[in-house]
Amino acid sequence: MEKLLPDGPPPPFPPDAPVVITGASIIFEEEFNLLISLTIAGIPIDQKALVALSPDGSELNITTESGNESTIPFKVLNGLAEPPEFVTIPGDAEHEPVMALLANLDLITNPQSEDPGDFIDRGDAANAQSFLPLGQHIAIGVGKETYERFANNLWHTDLRADDDGSHPLPSADDRQGHWNRVRMLPENGRIRVILEGVRPIDILPDADITITVLITPSVSAEGKLNFTMDFDTDVDMVCWEMFLHLLPGALLVL
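Residues numbered from 1 in each chain as written. Predicted model: local features only at pLDDT ≥ 70, side-chain atom pairs only at ≥ 80, totals over all residues. Heavy atoms only, no water.

### Looking at the overall build of the chain
Each helix and strand counted, the chain has two helices and 12 strands in total. Along its sequence from the N terminus, the chain presents helices and strands in the succession β-β-β-β-β-β-β-α-β-β-β-β-β-α. For the chain, restricting intrachain contacts to residue pairs at least 6 apart in sequence, the fraction spanning at least 24 positions comes to 39%. Surface exposure of the chain reaches about 15,900 Å², of which carbon and sulfur atoms provide 53%. (Helix = DSSP H or I, 4+ residues; strand = E, 2+ residues; numbered from the N terminus. Contact = heavy atoms within 4.5 Å. Areas by Shrake-Rupley, 256 points an atom, 1.4 Å probe, with all protein chains shown as cover.)

Listed below in C-alpha coordinates is the structure:
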(Lines give C-alpha, C1' and ligand atoms only; values in the text may rest on other atoms or scores of the structure.)
Protein backbone atom coordinates (compact mmCIF):
# COMPACT_ATOMS: atom_id res chain seq x y z
CA MET A 1 0.00 0.00 0.00
CA GLU A 2 2.93 2.33 0.69
CA LYS A 3 3.85 2.03 -3.01
CA LEU A 4 0.47 3.46 -4.00
CA LEU A 5 0.13 6.04 -1.24
CA PRO A 6 3.66 6.66 0.06
CA ASP A 7 2.51 9.74 2.02
CA GLY A 8 -0.51 8.01 3.50
CA PRO A 9 -4.18 8.78 2.82
CA PRO A 10 -4.71 12.24 1.31
CA PRO A 11 -6.69 14.97 3.10
CA PRO A 12 -9.31 15.13 4.46
CA PHE A 13 -8.66 11.53 5.61
CA PRO A 14 -6.64 11.08 8.81
CA PRO A 15 -3.14 9.58 8.37
CA ASP A 16 -4.20 6.32 10.02
CA ALA A 17 -7.34 5.80 7.91
CA PRO A 18 -7.55 2.19 6.69
CA VAL A 19 -6.82 1.76 2.98
CA VAL A 20 -7.94 -1.35 1.09
CA ILE A 21 -7.43 -2.12 -2.61
CA THR A 22 -10.64 -3.68 -3.90
CA GLY A 23 -9.74 -4.18 -7.55
CA ALA A 24 -7.79 -3.11 -10.61
CA SER A 25 -8.65 -2.98 -14.29
CA ILE A 26 -6.78 -2.13 -17.47
CA ILE A 27 -7.76 1.10 -19.21
CA PHE A 28 -6.68 2.57 -22.52
CA GLU A 29 -6.02 6.26 -22.12
CA GLU A 30 -3.21 8.41 -23.47
CA GLU A 31 -1.54 8.88 -20.08
CA PHE A 32 -2.83 5.94 -18.00
CA ASN A 33 -3.23 2.19 -18.45
CA LEU A 34 -4.47 1.02 -15.04
CA LEU A 35 -7.50 1.94 -12.90
CA ILE A 36 -7.06 1.02 -9.24
CA SER A 37 -10.18 0.78 -7.07
CA LEU A 38 -9.71 1.25 -3.32
CA THR A 39 -11.49 2.33 -0.19
CA ILE A 40 -10.17 4.82 2.33
CA ALA A 41 -12.02 4.62 5.66
CA GLY A 42 -14.70 2.70 3.79
CA ILE A 43 -15.18 5.36 1.11
CA PRO A 44 -14.62 4.07 -2.46
CA ILE A 45 -12.06 5.96 -4.55
CA ASP A 46 -10.62 5.28 -8.01
CA GLN A 47 -7.00 6.08 -8.83
CA LYS A 48 -5.60 6.06 -12.37
CA ALA A 49 -1.99 5.01 -12.88
CA LEU A 50 0.59 4.45 -15.59
CA VAL A 51 2.58 1.21 -15.37
CA ALA A 52 5.73 1.10 -17.50
CA LEU A 53 8.84 -1.09 -17.74
CA SER A 54 12.25 0.49 -17.33
CA PRO A 55 14.45 0.52 -20.48
CA ASP A 56 16.63 -2.33 -19.18
CA GLY A 57 13.62 -4.42 -18.16
CA SER A 58 14.60 -4.65 -14.49
CA GLU A 59 11.94 -2.41 -12.88
CA LEU A 60 8.28 -1.57 -13.09
CA ASN A 61 7.64 2.16 -12.73
CA ILE A 62 4.19 3.18 -11.45
CA THR A 63 2.99 6.78 -11.60
CA THR A 64 -0.46 7.70 -10.30
CA GLU A 65 -2.63 10.60 -11.41
CA SER A 66 -2.03 12.23 -8.03
CA GLY A 67 1.69 12.37 -8.80
CA ASN A 68 2.93 9.49 -6.62
CA GLU A 69 5.81 7.55 -8.16
CA SER A 70 7.10 4.14 -7.13
CA THR A 71 9.44 1.47 -8.45
CA ILE A 72 9.11 -2.31 -8.14
CA PRO A 73 12.03 -4.67 -8.95
CA PHE A 74 10.92 -6.78 -11.90
CA LYS A 75 13.82 -8.85 -13.22
CA VAL A 76 11.70 -11.99 -13.58
CA LEU A 77 13.29 -13.45 -16.72
CA ASN A 78 16.81 -14.64 -17.48
CA GLY A 79 18.61 -15.63 -20.66
CA LEU A 80 17.09 -12.86 -22.80
CA ALA A 81 18.74 -11.56 -25.95
CA GLU A 82 17.40 -8.06 -25.33
CA PRO A 83 15.18 -6.27 -22.80
CA PRO A 84 11.54 -7.41 -22.95
CA GLU A 85 8.73 -5.20 -24.19
CA PHE A 86 5.80 -4.26 -21.95
CA VAL A 87 2.55 -3.53 -23.78
CA THR A 88 -1.15 -3.15 -23.01
CA ILE A 89 -3.42 -5.16 -25.29
CA PRO A 90 -7.23 -4.96 -25.55
CA GLY A 91 -9.34 -8.06 -25.20
CA ASP A 92 -12.28 -9.38 -27.22
CA ALA A 93 -15.43 -11.45 -26.71
CA GLU A 94 -13.41 -14.42 -25.41
CA HIS A 95 -10.27 -12.85 -23.94
CA GLU A 96 -9.39 -10.38 -21.21
CA PRO A 97 -7.46 -7.17 -21.86
CA VAL A 98 -3.89 -7.70 -20.65
CA MET A 99 -0.61 -6.14 -19.70
CA ALA A 100 1.83 -8.32 -21.60
CA LEU A 101 5.53 -8.92 -21.14
CA LEU A 102 6.95 -9.93 -24.53
CA ALA A 103 10.36 -11.57 -24.33
CA ASN A 104 12.87 -12.98 -26.82
CA LEU A 105 15.11 -15.67 -25.35
CA ASP A 106 18.73 -15.74 -26.49
CA LEU A 107 18.45 -18.77 -28.77
CA ILE A 108 20.57 -20.07 -31.64
CA THR A 109 17.80 -20.94 -34.08
CA ASN A 110 19.74 -22.02 -37.19
CA PRO A 111 18.57 -25.35 -38.65
CA GLN A 112 20.40 -28.36 -37.25
CA SER A 113 21.91 -29.02 -40.69
CA GLU A 114 23.78 -25.70 -40.44
CA ASP A 115 26.55 -24.32 -38.25
CA PRO A 116 25.42 -22.23 -35.26
CA GLY A 117 24.91 -18.56 -35.98
CA ASP A 118 24.08 -15.36 -34.12
CA PHE A 119 20.82 -14.33 -32.49
CA ILE A 120 18.14 -13.51 -35.05
CA ASP A 121 15.69 -10.69 -34.31
CA ARG A 122 12.11 -11.93 -34.25
CA GLY A 123 8.66 -10.86 -33.20
CA ASP A 124 6.70 -7.63 -33.60
CA ALA A 125 4.98 -6.24 -30.51
CA ALA A 126 2.45 -4.49 -32.74
CA ASN A 127 1.05 -7.92 -33.71
CA ALA A 128 0.50 -9.12 -30.12
CA GLN A 129 -2.98 -10.37 -29.22
CA SER A 130 -4.51 -11.37 -25.90
CA PHE A 131 -5.00 -15.10 -25.32
CA LEU A 132 -5.96 -14.77 -21.63
CA PRO A 133 -9.39 -16.46 -21.21
CA LEU A 134 -12.19 -14.45 -19.65
CA GLY A 135 -12.19 -14.70 -15.87
CA GLN A 136 -8.50 -15.64 -15.64
CA HIS A 137 -5.67 -13.48 -14.32
CA ILE A 138 -2.44 -14.73 -15.92
CA ALA A 139 -1.28 -16.81 -18.86
CA ILE A 140 2.11 -17.81 -20.27
CA GLY A 141 2.35 -18.37 -24.01
CA VAL A 142 4.95 -19.89 -26.32
CA GLY A 143 4.58 -19.60 -30.09
CA LYS A 144 4.39 -22.85 -32.04
CA GLU A 145 7.56 -22.03 -33.97
CA THR A 146 9.44 -21.51 -30.71
CA TYR A 147 9.52 -25.24 -29.94
CA GLU A 148 11.57 -25.88 -33.08
CA ARG A 149 13.84 -23.00 -32.05
CA PHE A 150 14.29 -24.57 -28.61
CA ALA A 151 15.29 -27.85 -30.27
CA ASN A 152 17.75 -26.12 -32.60
CA ASN A 153 19.26 -24.21 -29.70
CA LEU A 154 19.70 -27.44 -27.73
CA TRP A 155 21.42 -28.99 -30.76
CA HIS A 156 23.82 -26.08 -31.21
CA THR A 157 24.64 -25.67 -27.48
CA ASP A 158 24.26 -28.49 -24.94
CA LEU A 159 24.52 -31.33 -27.48
CA ARG A 160 27.46 -29.82 -29.38
CA ALA A 161 31.07 -30.46 -28.40
CA ASP A 162 33.14 -27.29 -28.13
CA ASP A 163 36.36 -28.83 -29.39
CA ASP A 164 35.27 -30.12 -32.80
CA GLY A 165 31.61 -29.16 -33.27
CA SER A 166 30.44 -32.79 -33.24
CA HIS A 167 27.45 -34.10 -31.32
CA PRO A 168 28.82 -36.89 -29.12
CA LEU A 169 26.47 -39.33 -27.39
CA PRO A 170 25.99 -39.20 -24.45
CA SER A 171 28.61 -36.45 -23.89
CA ALA A 172 32.01 -35.13 -24.97
CA ASP A 173 33.63 -36.78 -21.93
CA ASP A 174 32.17 -40.20 -22.75
CA ARG A 175 31.82 -40.63 -26.52
CA GLN A 176 29.93 -43.83 -27.28
CA GLY A 177 28.15 -42.63 -30.40
CA HIS A 178 26.63 -39.49 -31.86
CA TRP A 179 23.33 -37.66 -31.81
CA ASN A 180 21.51 -37.41 -35.14
CA ARG A 181 18.90 -34.79 -34.25
CA VAL A 182 16.66 -33.43 -31.52
CA ARG A 183 12.99 -32.49 -31.83
CA MET A 184 10.61 -30.63 -29.55
CA LEU A 185 6.86 -30.16 -29.93
CA PRO A 186 3.76 -29.37 -27.83
CA GLU A 187 1.38 -32.23 -27.09
CA ASN A 188 -1.89 -31.96 -25.12
CA GLY A 189 -0.56 -29.47 -22.60
CA ARG A 190 2.85 -31.14 -22.42
CA ILE A 191 6.19 -30.70 -24.17
CA ARG A 192 7.67 -33.71 -25.95
CA VAL A 193 11.46 -33.76 -26.44
CA ILE A 194 12.86 -36.48 -28.73
CA LEU A 195 16.59 -37.19 -29.00
CA GLU A 196 17.76 -39.60 -31.69
CA GLY A 197 21.26 -41.01 -31.93
CA VAL A 198 23.43 -43.95 -32.99
CA ARG A 199 26.02 -46.04 -31.14
CA PRO A 200 28.44 -48.10 -33.27
CA ILE A 201 28.83 -51.74 -32.21
CA ASP A 202 31.62 -54.02 -33.38
CA ILE A 203 30.43 -56.76 -35.76
CA LEU A 204 26.75 -56.14 -34.95
CA PRO A 205 24.70 -53.40 -36.68
CA ASP A 206 24.84 -49.98 -35.09
CA ALA A 207 22.42 -49.34 -32.25
CA ASP A 208 19.67 -46.78 -32.96
CA ILE A 209 18.81 -44.87 -29.82
CA THR A 210 15.71 -42.76 -29.16
CA ILE A 211 15.11 -40.96 -25.89
CA THR A 212 11.75 -39.25 -25.36
CA VAL A 213 11.15 -36.86 -22.48
CA LEU A 214 7.61 -35.69 -21.68
CA ILE A 215 7.57 -32.43 -19.69
CA THR A 216 4.28 -31.55 -17.97
CA PRO A 217 3.77 -28.11 -16.41
CA SER A 218 1.45 -27.60 -13.45
CA VAL A 219 0.59 -24.89 -10.93
CA SER A 220 0.73 -25.74 -7.23
CA ALA A 221 -1.80 -24.63 -4.62
CA GLU A 222 0.69 -21.89 -3.68
CA GLY A 223 0.68 -20.59 -7.25
CA LYS A 224 4.15 -21.90 -8.16
CA LEU A 225 4.87 -23.26 -11.64
CA ASN A 226 6.22 -26.82 -11.50
CA PHE A 227 7.40 -29.29 -14.13
CA THR A 228 7.38 -33.10 -14.03
CA MET A 229 9.26 -35.34 -16.48
CA ASP A 230 8.47 -38.82 -17.78
CA PHE A 231 10.84 -40.85 -19.93
CA ASP A 232 10.29 -43.31 -22.75
CA THR A 233 13.52 -44.79 -24.12
CA ASP A 234 13.93 -47.16 -27.08
CA VAL A 235 17.44 -48.60 -27.46
CA ASP A 236 17.85 -51.17 -30.27
CA MET A 237 20.65 -53.75 -30.31
CA VAL A 238 22.31 -52.54 -27.15
CA CYS A 239 22.87 -54.15 -23.78
CA TRP A 240 21.10 -53.13 -20.58
CA GLU A 241 24.35 -51.91 -18.99
CA MET A 242 24.84 -49.41 -21.83
CA PHE A 243 21.27 -48.17 -21.37
CA LEU A 244 21.87 -47.50 -17.68
CA HIS A 245 25.02 -45.58 -18.60
CA LEU A 246 23.35 -43.58 -21.37
CA LEU A 247 20.27 -42.30 -19.55
CA PRO A 248 22.05 -40.11 -16.96
CA GLY A 249 24.05 -38.50 -19.75
CA ALA A 250 20.88 -37.69 -21.68
CA LEU A 251 19.30 -36.17 -18.60
CA LEU A 252 22.41 -34.07 -18.10
CA VAL A 253 22.23 -32.44 -21.52
CA LEU A 254 18.54 -31.63 -20.99
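### Comments concerning the layout of surface pockets
There is about 160 Å³ of room inside the second largest pocket. Contributing to the lining of the second largest pocket are Leu5, Asp7, Gly8, Pro10, Leu38, Ile40, Ile45, Gln47, Ser66 and Asn68. The class makeup of the residues in the lining of the second largest pocket is five nonpolar, four polar and one charged. (1 Å grid on protein atoms, 1.4 Å probe; cavity = no way out; pocket = protein on both sides within 12 Å on 5 of 7 lines; lining within 4 Å. Points joined across faces, edges and corners; volume = space filled by probe spheres on them. Nonpolar A, V, L, I, M, F, W, Y, C, P; charged D, E, K, R; others polar.)

### Comments concerning the environment of isoleucine 45
Position of isoleucine 45 relative to the elements: it lies in strand 3 (residues 43–53). For the pair isoleucine 45 and threonine 22, spaced 23 residues apart in the sequence, the C-alpha separation amounts to 9.8 Å. Other than its neighbours up to four places away in sequence, isoleucine 45 contacts Phe13, Ile36, Ser37, Leu38 and Ile40.

### Some words on the pairing of strand 8 (residues 168–171)
Across four bridges, strand 8 lies against strand 9 (residues 174–187) in antiparallel orientation. Within strand 9, the position partnered with proline 170 by the bridge is arginine 175. From the end of strand 8 to the start of strand 9, which pair antiparallel, there are two residues. (Pairing = 2+ DSSP bridges.)

### As for the confidence of the model for the chain
Scored by pLDDT, the chain comes out at a mean of 83, with 89% of its residues at no less than 70. Low pLDDT (under 50) marks residues 236–254, which in the prediction has 33 contacts with non-local residues, meaning those over four places away or in another chain. (pLDDT = per-residue confidence, 0-100.)

### A few points about the sheet that holds strand 1 (residues 19–26)
The strands making up a sheet associate through backbone hydrogen bonding, with each pair oriented either parallel or antiparallel. With antiparallel pairing, five strands are arranged side by side in an open sheet as 1-2-3-4-5. A single partner strand is all that each edge strand has here, and the edge strands are strand 1 and strand 5 (69–73). On average, each strand axis in the sheet is tilted by 30° relative to the strand beside it, whichever way the strands run. For strand 3 and strand 4 (residues 59–64), the ladder comprises five bridges, and the chain directions are antiparallel. Bridge assignment links alanine 52 to a residue of strand 4, and that residue is asparagine 61. (Axes fitted to C-alpha atoms, helices over the stretch in contact; angles between N-to-C directions.)

### Digging into the pattern of salt bridges
Per the stated rule, a full pass over the model turns up seven salt bridges. Arginine 175 is the salt-bridge partner of aspartate 163, the closest N and O atoms lying 3.4 Å from each other. Of this pair, aspartate 163 sits in the loop between helix 1 (144–156) and strand 8 while arginine 175 sits in strand 9; the two residues are 12 residues apart in sequence, bridging distant segments of the chain. Its relative accessible area of 39% is what places arginine 175 among the partly exposed residues. (Salt bridge = Lys/Arg side-chain N within 4 Å of Asp/Glu carboxyl O. Buried < 20%, exposed > 50% of the residue type's maximum accessible area, 1.4 Å probe, protein only.)

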